[in-house]
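Working through the structure, step by step
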2 protein chains.
Amino acid sequence: MLIVQKYGGSSLQSADHIKNVAKKVQHTVEQGHQVVVVVSAMGDNTDALLELAEKLATMPSARELDQLLSTGETQSSALMAMTLEHLGIPAKSFSGRQAGIITSYDYGKARIEQVDPKELRNALAVGITPVVAGFQGVTRSGDVATLGRGGSDLTAIAIANALGADRCEIYSDVAGVYTADPRIIPSASPLGMLSYDEMLELASQGAQVLQTQAVEFAKGQQVPIYARSTFSDEPGTVIAEGESIEKPPVTAVALNRHIAKLGLLGVPDAPGVAALIFGELAKHGINVELIIQAVSHNQLNDIAFTIEEQDVKRAEPIVKSCLQQLGGHSLVIDTHVAKVSAIGSGMLGRPGVAARVFKALANGNINIQMIGTSEIKISCIIDRSDAERALGLIHEEFNLGKSAEMIED
Amino acid sequence: MLIVQKYGGSSLQSADHIKNVAKKVQHTVEQGHQVVVVVSAMGDNTDALLELAEKLATMPSARELDQLLSTGETQSSALMAMTLEHLGIPAKSFSGRQAGIITSYDYGKARIEQVDPKELRNALAVGITPVVAGFQGVTRSGDVATLGRGGSDLTAIAIANALGADRCEIYSDVAGVYTADPRIIPSASPLGMLSYDEMLELASQGAQVLQTQAVEFAKGQQVPIYARSTFSDEPGTVIAEGESIEKPPVTAVALNRHIAKLGLLGVPDAPGVAALIFGELAKHGINVELIIQAVSHNQLNDIAFTIEEQDVKRAEPIVKSCLQQLGGHSLVIDTHVAKVSAIGSGMLGRPGVAARVFKALANGNINIQMIGTSEIKISCIIDRSDAERALGLIHEEFNLGKSAEMIED
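Residues numbered from 1 in each chain as written. Chains lettered and ligands numbered in written order. Predicted model: local features only at pLDDT ≥ 70, side-chain atom pairs only at ≥ 80, totals over all residues. Heavy atoms only, no water.

1. A few points about the UniProt feature "binding site: substrate" (unreviewed entry) in chain A
Residue and element names in this part refer to chain A. The residues that UniProt annotates with the feature "binding site: substrate" (unreviewed entry) are Thr46 and Glu73. Over a stretch of 28 residues, the named residues converge on one spot in the fold, their C-alpha atoms separated by at most 8.9 Å. Tracing the sequence through the fold places threonine 46 in helix 2 (residues 45-56). For threonine 46, the contacting residues outside a window of four places in its chain are Ala41, Leu69, Glu73 and Arg149. Residue placement: glutamate 73 occurs in helix 3 (residues 62-86). (UniProt positions renumbered as here; feature names shortened; annotations may be inferred. Helix = DSSP H or I, 4+ residues; strand = E, 2+ residues; numbered from the N terminus. Contact = heavy atoms within 4.5 Å.)

Below, the structure is given as structure tokens:
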């Protein structure tokens, strides 16, 4: 088999960690497989570089930040290649450029536009294990661009696709995807299998296991992803376009505490109002998720929506200026909210799932402020102080926890 | 003027150091000059990476070491570019590859084969200050190669030459070239002017101010070098093909404590013996400097020579095998030696300079074990415990110290 294995920063945080990962790669190679390794930067290397940059410039140029941050992954790839060679496995490091990864010009959050895997193929053909620096590529003008946090997942999946690999294994410090974050819900159980769409909803709802763009890419190219732990031999979770035979209505729950709710009160109930507000936010790259418009009252209206908490600073002046243009009454910003979501492709065409979510929260005396749904997801905005409890109630409602026997085991 | 400014690692060891250097560049730009900045890695960054590599592999591959170590200079260049931009100076970082530096395939000690300064010229043309990562380039197959320790000097001078710069300024933590190492000889005085040949002899005799290859390169292309301190406004030393009007016989003295003396005793006095020994050493890249052959005695001979102390481990088995082939008596390895040298183009055609060196050492009761000379240099191998004292005696013999008035000043 041709296998792409990606190892995250927590799996590479010290010399001993690197040696451990190299032995895992050696083991796979010695089983007769061809392996392409993709690595992140060591531990908190990226944060240390960011901190240094912030000491030097209040607004560091995005191009220079990418040139700087990309060095972390380049270091990891060289260190991993020399460790493999030390173990007797011929290996060679590749920067994103050397691996043929061409990206868009959006420094800091570039998209992979093309992968030319010629050099990787040449290495594999002569028995060399390529070790690719994740998270990076080059623009068509030869400047280094990074793919955004978690972008090494995308590197791995894009390479797996370009090489026609049999599978892409994503190693991190968690043993796959769980029915809920195990740090919050101790009874959360690992999922053996997920569809791309379920994984996409989970990733976008705040589950940190896999990068959203990476899952989208894998879905498009139908690359099966194996999400596993570096530190155990558990099978982990397979993400693929599997047939859902008798799926439960909800597969997993997710929590995002890093959102904010914005409310524009007393704006005119006229055409073009929403277009103005959300057009301006989109123009500045601010992602809006749930939107609620109250029922019109005296030709005035209230509009509320959620954004990522980190975008509040940038969004505030934009929304204020809209409010002024529209002659609205006031702006309310609430950062004490959280979003809980229930996800499952089994809810397709099965009515009553949303009602069970709402009932579970009501029984816990938790007030729902906003509701958003997709075909396979139900999200509720609630008070942040209720967040963990709400997650547990929904997890329990759909019996996602380990069964008593499993825990005994 | 078009000026290339190179800043060494000790000038860039912290955020504050980087800011200080950025201000110096800003000052030069604001005087109306065009500047190309060349930077080394921050402080002891390179040593930290080497240490990590040694934990992972006993003999790290040279290609991977270069891929790893080059990241230090890439980081510096990005950090410097963003700091300049923060000061309002448009700037852009360039890796060796982006600066068009093509090297030989000798990883770890590559030579610059070609510089294509097109991208640097494009940047300068639109008022952007390029910041080039020193010490690195790429081979014709696109692999990163480093130029060896101190290689950033070479980067700066090669770029100055390719751009037809008016001068190349090399900034470090010393204010130019001195008549002797001021840490050993406190009365050592800075030299205002040196010829390329004098600088070459000084550099190869252990003076750490400028990299030998860089000086060779500058000599070939006649680029004037200004060696200065980052931390003072002293004029420093100019290295150029100046006319030597009434030069003193000795310009400066140098000391190298990192050498070893090897002696092969009782080898046959026959043709081909020296060729065998020094041919084998050369084949393994070990540089031999002084060679002494004793007067033949009973058709047997003794051969002694010096090498860098760091090469002893590699040289020992090679020399032992030669000794065995030749049926010689024994091998003596002496690492308690040092080399003092007096350098000056003023000694050309002026007899008696060597005699003054020998007399100065004799007066100090210092035994000379070996002697080596070039047209502008006299070197003596002596006991290492006499090294500093010998340097002082020669320095004094030729009145190189600051005059009493100067010290009073």
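2. Points about the sheet that holds strand 15 (residues 288-293) of chain B
All names here are of chain B. The 4 strands are arranged 15-16-14-17 in an open sheet whose pairing can be described as antiparallel. For this open sheet the edge positions go to strand 15 and strand 17 (330-334), each flanked by a neighbour on one side alone. Averaged over all pairs of adjacent strands, the angle between their axes in this sheet comes to 15°, without regard to strand direction. Sheet strands touched by helix 8 (residues 273-283): strand 14 (259-268), strand 15 and strand 16 (300-308). Its angle to strand 16, the strand with the most contacts, is close to 20°. Packed onto the sheet, helix 9 (residues 312-326) meets strand 14, strand 16 and strand 17 and runs at close to 5° relative to strand 14. (Pairing = 2+ DSSP bridges. Axes fitted to C-alpha atoms, helices over the stretch in contact; angles between N-to-C directions.)

3. Examining the confidence of the model for chain A
Residue and element names in this part refer to chain A. Across chain A, pLDDT averages 88, with 94% of residues at or above 70. In the predicted structure, residues 403-409 sits below a pLDDT of 50 and forms 1 contact with residues beyond four places in sequence or in another chain. Both confidence scores are given for the complex: pTM 0.77, ipTM 0.74. (pLDDT = per-residue confidence, 0-100.)

4. Details of the sheet that holds strand 9 (residues 167-172) of chain A
Residue and element names in this part refer to chain A. Reading across the sheet, the 8 strands line up as 3-6-2-1-9-11-12-10 and stay open at both edges, with mixed pairing between neighbours. Among the strands making up the open sheet, the edge pair consists of strand 3 (91-94) and strand 10 (193-194). Sheet analysis places strand 10 next to strand 12 (residues 237-239), joined by 2 bridges and oriented parallel. By the bridge assignment for strand 12, leucine 194 is matched with isoleucine 239. Of the strands in this sheet, strand 1 (2-7), strand 2 (34-39), strand 3 and strand 6 (129-133) are in contact with helix 4 (residues 118-125), which crosses strand 6 at around 150°.

5. Comments concerning the packing of aromatic side chains
Residues and elements named next belong to chain A. The tally for this structure, following the rule as stated, stands at 4 aromatic pairs over all chains. Geometrically, the ring pair formed by phenylalanine 278 and phenylalanine 305 is edge-to-face, given 5.1 Å between the ring centres and 80° between the ring planes. A residue pair is termed long-range when its members are at least 10 positions apart, and phenylalanine 278 in helix 8 (residues 273-283) and phenylalanine 305 in strand 16 (residues 300-308) qualify at 27 residues. By relative accessible area, which is 0% here, phenylalanine 305 ends up buried. (Phe/Tyr/Trp six-rings, centres within 6.5 Å; stacked < 30°, edge-to-face > 60°. Buried < 20%, exposed > 50% of the residue type's maximum accessible area, 1.4 Å probe, protein only.)

6. Examining the interface of chain B and chain A
In this complex, chain B contributes 38 residues to the contact, which on the side of chain A involves 38 residues. Of the roughly 3100 Å² buried where chain B meets chain A, counting both sides, 63% is carbon and sulfur surface. On the chain B side of the contact with chain A, Leu56, Glu64 and Met82 of chain B bury the most area, a combined 22% of that side's loss. One can count 0 salt bridges joining chain B with chain A. For the side of chain B that touches chain A, the element with the most residues is helix 3 (residues 62-86) of chain B, which contributes 15 residues. Among the residues making up the side of chain B that touches chain A, the classes are represented as 18 nonpolar, 12 polar and 8 charged. (Buried area = accessible area lost by both parts, 1.4 Å probe. Salt bridge = Lys/Arg side-chain N within 4 Å of Asp/Glu carboxyl O. Nonpolar A, V, L, I, M, F, W, Y, C, P; charged D, E, K, R; others polar.)

7. Describing the pairing of strand 19 (residues 370-374) of chain A
Where strand 19 of chain A lies against strand 20 (residues 377-383) of chain A, 5 bridges are found, and the strand directions are antiparallel. Across the sheet, serine 374 of chain A pairs through a bridge with lysine 377 of chain A, a residue of strand 20 of chain A.

8. Things to note about the side chain of glutamate 198 of chain A
Residue and element names in this part refer to chain A. Looking at the secondary structure, you find glutamate 198 in helix 6 (residues 196-204). Side-chain polar atoms of glutamate 198 contact the backbone nitrogen of serine 345, separated by 2.8 Å. Ignoring any residue separated from it by four or fewer positions in sequence, one finds glutamate 198 in contact with Lys247, Thr251, Ile343, Gly344, Ser345, Gly346 and Ile376. (Polar contact = N/O pair within 3.5 Å; in protein donor to acceptor, adjacent residues only side chain to side chain.)

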